[in-house]
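Report on the structure
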Amino acid sequence: MNLLPRHPGDGSLTTRADAFRHEALLYAGDEQFVSATAQFIREGLSGDEAVLVAVIEPRASLLREGLGSDAPGVEFLDMAEVGRNPARIIPAWQEWAERNTAAGRAFRGVGEPIWTARTGIEILECQQHEQLLNTAFDAGPAWSLLCPYDVSTLPPEVIERAAHTHPAVVTQGTTYLSTAYPHEDLRTEKMLAAPLPDAAPPLCELWFDIDDLSRLRAAVHRCAPALRLDARRLSDFVLVVSELAANSICYGGGKGRASLWREGPYAVCEVHDDGLITDPLVGRHKPNPRERIGGAGLWTVNQLCDLVLIRSTKELGTTVRAYMDTHAELASES
Amino acid sequence: MTVTRVDGAVSGLDTLEGGDHVAWFLDRTVDFATLAARFFEQGTARGEKLLMFAPQRRAVSRLPIGGGVTVFDPRQAFLSGGTRAAVWNWNERLGGALREQTALAGAEGYRGLRLIVDMDWLFDTTATIEQVVELEQGLDEATAAEKAVVVCAYRLESFTTAEIAGAACVHPRTYSEAPGEVGFRMWAAGSNRWHLSGEIDLRARTIFPALLTAAARGRDQLRLNCAGLEFIDAAGTRAIAHVARETGTPLHLEHAADPLRSLWRLLGLEAYAPTVELLP
């Protein structure tokens, strides 16, 4: 890992940020997690900063316990919920930043988007999310976001990547500047050109234009049993497919191709068109209700799905693949 | 007051009931005169007054029905010969004309009113598609209230595909297929009450806000029965919020299904349009 000790004038982990400070915290095991994050949190509280912690259980409970009487002053978000689709994490931080900026209060956060139960493709999306945090907040208000990585359970390449997506890395109480940041692999064009995982054979494949939207939704209904979608998930999935197709019609050359398949616990839909997406944060901006056109389709898809992969190049056009986990619903029915 | 009506395609003009408002799309091969005559003959048999709104230039004498049909050119009779640009409340005037004629028919001893509107009367009026649907809404409300039988004949060669599609969605019933069908219908179910049915997606992006705005403008409140709404996308959902804010009219969405309610929340519309009430 390419790290340099932070120069004395750069300040330490716990001082108030004068710009967006995005740092990876490398820890080994729960004890180190609690002690390092609690220190970061207490420094914030002592400076009257608002603090939001977005981690999974049991670490949230362990941290609450470790914070003791300081815990009630800290807001917690369940990362398993808000980060189930990594594309929903940035909007959560944006909401937090806007709320505190409006209140004139300094703020900081702890966010752990990657844990061992994440699948490979989820981890890849989380790494893109970590990179996009810089894009989303570098020009915004000053605040500190500490992203814990458990070196005792996560693969070494994931830890290595943390230094590519964070300008600084904190380990064993010392903050280092990452010389590997920013990383070539994580340029917007490269992220949008990353290969998609292999697709399963489709249950259904349809070319569409504006006159086929109704037919496309009917096809999703017909495939529902094979996609293992219950009634509620089906209506969400129909909306997802329809919104993606509408985007292709509006921005992707007026037509596209939709494919549906079942993969692991997911119902999957993929929509391909000839358009080009250049905004890496597309679908992560909460749409302005005043807007009439645009901005709501991919946002809605991100809110309803558990994983959304967006790939777009001049040569190959745009492909959006949306995964909806049907496992929980089916399990609860049985 | 709620009026019970049904929507959907009809297979002919000879099975219509009071309150039916039909968009009839006809190409050049259709024998308008014969079908119109048959439609009117049924009205005669039922004791209904027969009425036709048609452009002056289309001589009603060409219809093989003899006398008994009262004909108006709406432009001359109700609109002072004006263009749409010069007359603000066409919809009220046309609906008002239907109401007046129904009252007159009652006074004359008829059991109801049966009307064909030859939409070619709109020629040279510079009416936009939004204005045509607004006018149709006024007619639809009056048709529902008066339980008249109204058929609006749209000759396909006289209108653009977009106009035909717009006309289709403001009639509860259609006869023969409309090119460029938009996928949803919005029709009157009583005073300030409307039914939404079908699917609201990209195809409805222009016409749905226009329809909703026309129905909401100047009203104390509007009730939208969404029981027949099979699908609505994010843009359509946002359009409801926009109309509520822009017209200032509180909207009550009845039978709003879970997907619509959850979309409303996901798009952050509760705070933006608090005068919209989504009812189960």
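Residues numbered from 1 in each chain as written. Chains lettered and ligands numbered in written order. Predicted model: local features only at pLDDT ≥ 70, side-chain atom pairs only at ≥ 80, totals over all residues. Heavy atoms only, no water.

**Quick look at the confidence of the model for chain A**
Residue and element names in this part refer to chain A.
- Summing up the model confidence of chain A, the mean pLDDT is 93 and the portion of residues at 70 or higher is 94%.
- In this model, residues 7–14 is a region of pLDDT below 50 whose contacts with residues beyond four sequence positions or in other chains number 15 contacts.
- Ignoring residues within four places in sequence, the model shows residues 329–334, a span with pLDDT below 50, making five contacts including any to other chains. (pLDDT = per-residue confidence, 0-100. Contact = heavy atoms within 4.5 Å.)

**Structural notes on the pairing of strand β12 (residues 307–313) of chain A**
All names here are of chain A.
- Summarising burial for β12: seven of the seven residues are buried, a large majority.
- Covered by surrounding structure in β12 are Leu 307, Leu 309, Arg 311 and Thr 313 together with Val 308, Ile 310 and Ser 312, the residues of both alternating faces.
- Examined bridge by bridge, β12 and strand β13 (residues 317–325) share seven bridges and lie antiparallel to one another. Looking at β13, one finds that Arg 311 is bridged to Thr 319.
- Hairpin geometry of β12 and β13 is characterised by an intervening segment of three residues between the two adjacent antiparallel strands. (Buried < 20%, exposed > 50% of the residue type's maximum accessible area, 1.4 Å probe, protein only. Helix = DSSP H or I, 4+ residues; strand = E, 2+ residues; numbered from the N terminus. Pairing = 2+ DSSP bridges.)

**A word on the confidence of the model for chain B**
- Residues with a pLDDT of 70 or more make up 89% of chain B, whose mean pLDDT is 88.
- With a pTM of 0.91, the predicted complex shows an ipTM of 0.90.

**Notes on the pattern of salt bridges**
All names here are of chain A.
- One pass over the full model with this rule turns up 38 salt bridges over all chains.
- For the salt bridge of Asp 306 with Arg 84, the shortest nitrogen-to-oxygen distance reads 2.8 Å. You can see Asp 306 sitting in the loop between α10 (297–304) and β12 and its partner Arg 84 sitting in the loop between α3 (79–82) and α4 (89–103), a full 222 residues away along the chain.
- The exposure class of Asp 306 is buried, given its relative accessible area of 6%.
- Among the residues examined, Arg 84 registers a relative accessible area of 27% and is labelled partly exposed. (Salt bridge = Lys/Arg side-chain N within 4 Å of Asp/Glu carboxyl O.)

**Thoughts on empty space enclosed by the protein**
- All told, the structure shown has three cavities of 30 Å³ or more when counted by the stated rule.
- Quantified by volume, the largest cavity comes out at close to 160 Å³.
- What lines the largest cavity is a set of 16 residues, among which Gln 128, Leu 132, Pro 280, Arg 284 and Ile 310 of chain A lie closest to the centre.
- Taken together, the elements giving at least two residues each to the lining of the largest cavity come down to α5 (120–137), α7 (188–193) and β12 of chain A.
- At four residues, β12 of chain A tops the list of elements feeding residues into the lining of the largest cavity.
- The residue makeup of the lining of the largest cavity, split by class, is nine nonpolar, three polar and four charged.
- Within this model, the second largest cavity holds a volume of roughly 100 Å³.
- Lining the second largest cavity are 13 residues; nearest its centre among them are Glu 243, Asn 247, Gly 294 and Gly 297 of chain A together with Arg 205 of chain B.
- Counting residues per element, the ones that place at least two in the lining of the second largest cavity are α9 (231–251) of chain A together with α7 (234–247) of chain B. (1 Å grid on protein atoms, 1.4 Å probe; cavity = no way out; pocket = protein on both sides within 12 Å on 5 of 7 lines; lining within 4 Å. Points joined across faces, edges and corners; volume = space filled by probe spheres on them. Nonpolar A, V, L, I, M, F, W, Y, C, P; charged D, E, K, R; others polar.)

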